[in-house]
Amino acid sequence: MSQTQNLTEVADGAELICEDLHIFGDVHQGSIIDAHRLIVKGATHSDASQFSKYAQIHQHKGKLRCHEAKIDILDGGEVHASNVTVDTCLGGEIYAQDVTINTLSNKLTVYASRSIRINLINGSGNKLHINYHKVPILLSKLELIDEDIEELNFLLDKAKQNNAWTQQDIKDEIKKLQLQKKEIIDSIYTAKISIKNEIKGKNLISFYIDENNTISWTTDKMKQQNFYLEFDKKHIILHPSQTTITL
């Protein structure tokens, strides 16, 4: 595996694996990139895939899977990440824990678990969902957590049999993983969709509760809003729309 590469562009069908990759031009059709840190000064083709821990892309049209993404223009591309920041969004799909967008126009679909923050929506047809079940990175993380807990429980049983001093260390690690799992599963209780400036069109706001219950509301022209859920013993209320589900 090479450490660092600086390229003018990535050719059609190319496959690259490296530690750090800096591309000054475009990423072309059918290419696959796997890097720890990726910088693309040009555009990614809609039929190109990028995998990285950290990604910074000027114009994204392809498929990106990473931990943290910073994108100048999302132009119909698909992003899977923990944290996504987009300056200008012209449509596409985002699946993440936290999403921040400066300016959003039309036909974006977002699935987030914890937060969606938007400065300005000047279009319509956008779908903003709070639903961790639709975020593949989080579902994979939950599977890994369950596997780790299972393995640690096995080690704990062994440690108990041997009266090993490591029992508390194992218990602490199990508790830490259980808290990480709980944070994802219970994210609906604290999740928010925040829109800072006036909303000018019809856009869907949706909070998934469980397989039987979803609260949805369609915006029209309105002032800035913070959307969140209130839970009591009998009702779930979507503020500020006051849309209510009776339990």
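For the structure, check the block above.
Residues numbered from 1 in each chain as written. Predicted model: local features only at pLDDT ≥ 70, side-chain atom pairs only at ≥ 80, totals over all residues. Heavy atoms only, no water.

**Student:** Tell me what's going on with the nonpolar core, and back it up with residues and numbers.
**Tutor:** Soluble, globular proteins show a tendency: their nonpolar side chains are buried together. One finds Val79, Ile94, Ile101 and Phe207 to be the most contacted residues of the largest nonpolar core, which totals 51 residues. If one sorts the elements of this core by residue count, strand S10 (residues 108-121) sits on top with 6 residues. Those residues in contact with Phe207 that sit more than four places away from it in its chain are Ile130, Ile188, Ala191, Ile193, Thr214, Ile215, Phe227, Tyr228, Leu229 and Leu238. Counting residues in hydrophobic clusters, the runner-up holds 8 residues, among them Ile145, Ile149, Leu152 and Leu177. (Core = buried A, V, L, I, M, F, W, Y, C linked by side-chain atoms within 4.5 Å. Buried < 20%, exposed > 50% of the residue type's maximum accessible area, 1.4 Å probe, protein only. Helix = DSSP H or I, 4+ residues; strand = E, 2+ residues; numbered from the N terminus. Contact = heavy atoms within 4.5 Å.)

**Student:** Residue-level account of helix H1 (residues 136-161), with values.
**Tutor:** The end-to-end C-alpha distance of H1 is 38 Å, a good match for the 38 Å that 26 residues give at a rise of 1.5 Å each. Ile137, Leu138, Leu142, Ile145, Ile149, Leu152, Leu156 and Ala159 are the residues of H1 that are buried. (Expected span 1.5 Å × (residues − 1).)

**Student:** For the environment of Leu21, give the residues involved together with the corresponding values.
**Tutor:** Within the fold, Leu21 resides in strand S2 (residues 15-23). What makes Leu21 buried here is its relative accessible area of 2%. The spatial distance from the C-alpha of Leu21 to the C-alpha of Arg37 is 6.3 Å, given a sequence separation of 16 residues. Sequence-distant contacts of Leu21, defined by excluding residues within four places in its chain, comprise Gln5, Leu7, Leu16, Ile33, Ala35, Arg37, Leu38 and Ile39.

**Student:** I'd like a rundown of the pattern of salt bridges, residues and numbers included.
**Tutor:** Applying the stated rule across the entire model yields 5 salt bridges. Among the ionic pairs, Asp146 bridges to Lys181, the shortest N-O distance being 2.8 Å. On the criterion of sequence distance, the pair formed by Asp146 in helix H1 and Lys181 in helix H2 (residues 167-185) is long-range, its members being 35 residues apart. Accessibility expressed as a relative area gives 35% for Asp146, which makes it partly exposed. Through salt bridges that share partners, Asp98, Arg114 and Glu183 make up one connected network. (Salt bridge = Lys/Arg side-chain N within 4 Å of Asp/Glu carboxyl O.)

**Student:** I'd like a rundown of the packing of aromatic side chains, residues and numbers included.
**Tutor:** Counted under the stated rule, the structure contains 3 aromatic pairs. Ring centres 5.7 Å apart and planes at 15° place the aromatic pair Tyr95 and Tyr111 in the stacked group. Of the two residues, Tyr95 sits in strand S9 (residues 92-104) while Tyr111 sits in strand S10, which places them 16 residues apart along the sequence. Residue Tyr95 is classed as buried on the basis of its relative accessible area, which comes to 14%. Classification of Tyr111 as buried rests on a relative accessible area of 17%. Taking the centre distance of 5.9 Å and the plane angle of 45° together, the rings of Trp217 and Phe227 count as tilted. (Phe/Tyr/Trp six-rings, centres within 6.5 Å; stacked < 30°, edge-to-face > 60°.)

**Student:** So what's going on with the environment of Leu7? Which residues, and what values?
**Tutor:** Assignment of secondary structure puts Leu7 in strand S1 (residues 2-7). Residue Leu7 is classed as partly exposed on the basis of its relative accessible area of 22%. Contact partners of Leu7, with chain neighbours within four places excluded, come to Leu16, Leu21, His22, Ile23, Phe24 and Gly25.

**Student:** Describe a negative patch on the surface, and please don't skip the residues or the numbers.
**Tutor:** Where like charges cluster on the molecular surface, the negative patch consists of Glu143, Glu147, Asp148, Glu150, Glu151, Asp169, Asp172 and Glu173. Every element with two or more residues in the negative patch is listed here: H1 and H2. It is H1 that contributes the most residues to the negative patch, 5 residues altogether. (Patch = residues over 30% accessible without salt bridge, like charges linked within 9 Å, V, L, I, M, F, W, Y side chains within 5 Å. Areas by Shrake-Rupley, 256 points an atom, 1.4 Å probe, with all protein chains shown as cover. Lys, Arg positive; Asp, Glu negative; His and termini not counted. Charge placed at Lys NZ, Arg CZ, Asp CG, Glu CD.)

**Student:** Can you tell me about the packing of H1 against H2, naming the residues and giving the values?
**Tutor:** Across the interface, H1 lies against H2 with an axial gap of 9 Å and an inter-helix angle of 160°. With respect to H2, the element H1 is oriented roughly antiparallel. Here H1 and H2 pass one another in a crossing that is left-handed. Here the contact of H1 with H2 is built from residues that sort into 13 nonpolar, 4 polar and 7 charged. (Axes fitted to C-alpha atoms, helices over the stretch in contact; angles between N-to-C directions. Parallel < 35°, antiparallel > 145°, perpendicular 65-115°, else oblique. Left-handed = near helix turned anticlockwise from the far one by under 90°. Nonpolar A, V, L, I, M, F, W, Y, C, P; charged D, E, K, R; others polar.)

**Student:** Tell me what's going on with H2, and back it up with residues and numbers.
**Tutor:** End to end, H2 covers 27 Å across 19 residues, agreeing with the expected 27 Å (1.5 Å per residue, within 8%). Buried within H2 are the following residues: Gln167, Ile170, Ile174, Leu177 and Ile184. Seen along its axis, H2 keeps its buried residues to an arc of 110°; they face one direction. For H2, the exposed residues lying more than 90 degrees away from the buried face are Lys175 and Leu179. On the buried face of H2, the contacting elements are S9 and H1. (Arc of directions from axis to C-beta.)

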